[in-house]
Each structure stands twice: as structure tokens, then as C-alpha cells.
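A closer look at the structure
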Amino acid sequence: MADESQGVLYVVGTPIGNLEDLSARAQRTLATVDLVAAEDTRHTRGLLSNIGLKQTLIVYQQHNESRQTERLIDVLAEGKSVALVSDAGTPLISDPGLTLVAAALDAGIEVVGIPGPSALVTALSISGLPAERFIFEGFLPRRAAARRSHLETLRHEPRTMVFYEAVHRVVDTVADLKAIFGSDRRIALARELTKLHESLESGTLAQIAARLGDDIPLKGEFVLVVAGASEAAGGDVAEATRVFEILHAELPATSAAKLTAKITGISRNEVYRLTRACAD
Ligand code: SAM
């Protein structure tokens, strides 16, 4: 139960590129709170002045989350209300805010979400890929080896996968997706959503990899929505693993993999990868 003598923490979604996406409720909330906690105060001052507001701002960033959380919890405990915003989209979605929201809940402070845009949901909703169930992977590890080994763990993930990626890594990431998930897996690449040069490209990983940096410009912000492993492929994989295990009880790994490929129709490379994954 929230303690009503305390203020309310509003977690407010803001536009991801188009200022018209700031909802009427978000505007009203920002106008009535005592304090706005923002990732970049200059950026948020611009957003507020666009709707004629001059609220008091406090910086709340990843590197000062703990210190600012203490200050903001004190402010909330005095009965003042606070709006948490990030530079774009929904706070906490690959953005700061978790420390504050968790501390507020622990302190019995009411936390209210003011829903707004998020690149994740916007991209997913136009991807043409199943959205009943999906996983959000945020940003992949920056280092190539760590990124590839993380993608290996997702190779047989049956749900649609959503990734955020920085422009200078998108070519390498799509190349890794293609190498690990296979050339024929589908991807929807959303770029500059809600902005002037918004685009959505969909196709196989091989097709999109070939076009990136060519007719798909390497500019702006990207969301990658990738199809999950098909159920048929999942079934093949389970069967191949079963066959490999039986054969490997009698034969060396190389011969067992070779025979598994022949019996199940899965490529020998895929069996090798599979058996390595099983051994990990
Ligand atoms: N909190 C934000 C949200 O709710 O979407 C995400 C913030 S995260 C730091 C920034 C990443 O989100 C970008 O690198 C990009 O992957 C994605 N993103 C944000 N705005 C976008 C846009 N307009 N078009 C495409 N991707 C976007």
C-alpha cells in the first residue's frame, strides 16, 4: 500500500523523434509535478519549452543513479511529486530509472506509469513478425566475441527477438545474426522511427545484410526485429540432438555428427554447432 502523505513518482514516456507523440496526459503530468528527473536536462528542457513549460529539472543518469535516487526519495517523502523521463521513449527500457523505481516501491511511494512511445513496441508492431510472444534483448554486448556467444544462446529461441543497435555496430551485428541464425531467417529493420527519414526494411538476413550501407543508409537509430527459430527447425534440432547422442555413445564425435547429418538432413555444420552447444 502506498503512503498518501508521500508524493507520487510518475514514469513518463516521451517521444522517440516526433514531438506530436507526447500524450496529453504526459503533458499534464509534466506540468503539475514539482520536479522532473531527466537523463539530459538540456534535451528535456527543449521538450518542456516546446509545450510552454519551465519545470525544475534534476539530472538522473546511469552514473549518478544511486546518489540521485537518495535525493529524489527524500523529495518524494516530503510529499512532492516527481516525473522521471529519459531522452527518448519509455524510461527503464534500455534507459536509467530502475534504481529509483525500485527504491520508491520499497519506500511505499506510489509509482504511476504514464505510457508513451517506445522504439521496441513501435518496431515490433510494424515488423510483420509474430508479436503475441517476443523477447526484448536490448543492446547486444559490444565486443564481437561476447556478442556472438550471446547470439549462440538465442539460436533456437522460438519467439520473435527485438534488439537495439547503435549505427556504428549495425553492420557487424546483422552479419553475426546471419552467420548464427542462418541467411534465410527473416528480419525487420526499423530506422529513424517517427522521424522524417523513417524507414522499415524487411527481408531475409542475407538480403538485409547485402543492402545495409548500400540502399539502406548507415544513419540514425535502428531497431532489429528478428524472427524466432521456426518450430519445424526446433523439431529437427531436437531430433538431431537425440540421434547424435545415440551415435556418439558408440562413435567418435566427428563420425557421429556426419551420420546425424545424413540421417536427419540437417547440415553437418549445424550438427557440429549443435553438439558444441550441447557440450558447453
Ligand atoms: N527508452 C527508449 C525506448 O523506449 O525505446 C530506448 C532508449 S535506448 C538508449 C536508444 C535506442 O533505442 C537506440 O539506439 C535505438 O536502437 C532505439 N531507438 C530509439 N529511438 C529510435 C527511433 N526513433 N528509431 C529507431 N530506433 C530507435
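In the block above lies the structure referred to throughout.
Keep in mind the model is a prediction, meaning the values are calculated, not measured. (Residues numbered from 1 in each chain as written. Predicted model: local features only at pLDDT ≥ 70, side-chain atom pairs only at ≥ 80, totals over all residues. Heavy atoms only, no water.)

Examining the sheet that holds strand E4 (residues 82–85)
Pairing in this open sheet of five strands is parallel, and the strands run E3-E2-E4-E1-E5 from one edge to the other. Each end of this open sheet is capped by a strand with a single partner; those strands are strand E3 (57–59) and strand E5 (110–114). The mean angle between the axes of side-by-side strands here comes to 25°, regardless of whether they run parallel or antiparallel. Sheet topology note: the strand E2 (residues 35–38)/E4 ladder contains four bridges and is parallel. Bridging across to E4, valine 36 finds its partner in alanine 83. Against the sheet, helix H4 (residues 98–106) touches strand E1 (8–12), E4 and E5, its axis set at about 150° to E1. (Pairing = 2+ DSSP bridges. Helix = DSSP H or I, 4+ residues; strand = E, 2+ residues; numbered from the N terminus. Axes fitted to C-alpha atoms, helices over the stretch in contact; angles between N-to-C directions. Contact = heavy atoms within 4.5 Å.)

Some remarks on the site of the ligand
Taken together, 18 residues lie around the ligand, and Asp95, Ser118, Ala119, Tyr164 and Phe222 are the ones closest in. Glutamate 165 places a main-chain nitrogen or oxygen 3.4 Å from an oxygen atom of the ligand. Backbone polar atom of leucine 193 to a nitrogen atom of the ligand: 2.8 Å apart, as the coordinates give it. Protein contact buries 91% of the 570 Å² of open area that the ligand shows by itself. Put simply, the ligand lies in the largest pocket. Elements represented by at least two residues in the shell around the ligand include exactly strand E7 (160–165) and strand E10 (222–226). Its residues assigned to classes, the shell around the ligand shows nine nonpolar, four polar and five charged. Counting contributing residues, the shell around the ligand receives three or more from each of domain 1 (8–117) and domain 2 (125–142 + 159–227). (Near = heavy atom within 4 Å. Polar contact = N/O pair within 3.5 Å; in protein donor to acceptor, adjacent residues only side chain to side chain. Areas by Shrake-Rupley, 256 points an atom, 1.4 Å probe, with all protein chains shown as cover. 1 Å grid on protein atoms, 1.4 Å probe; cavity = no way out; pocket = protein on both sides within 12 Å on 5 of 7 lines; lining within 4 Å. Sits in = over half its atoms within 2 Å of the grid points. Nonpolar A, V, L, I, M, F, W, Y, C, P; charged D, E, K, R; others polar. Domains from an automatic or database assignment.)

Here's the deal with the pattern of salt bridges
Considering all chains together, one arrives at eleven salt bridges under this definition. The partner of glutamate 152 in a salt bridge is arginine 155, with the nearest N and O atoms 2.9 Å apart. Here arginine 155 falls in the buried class, since its relative accessible area comes to 6%. A single salt-bridge network, built from bridges that share partners, covers Arg147, Arg148 and Asp176. (Salt bridge = Lys/Arg side-chain N within 4 Å of Asp/Glu carboxyl O. Buried < 20%, exposed > 50% of the residue type's maximum accessible area, 1.4 Å probe, protein only.)

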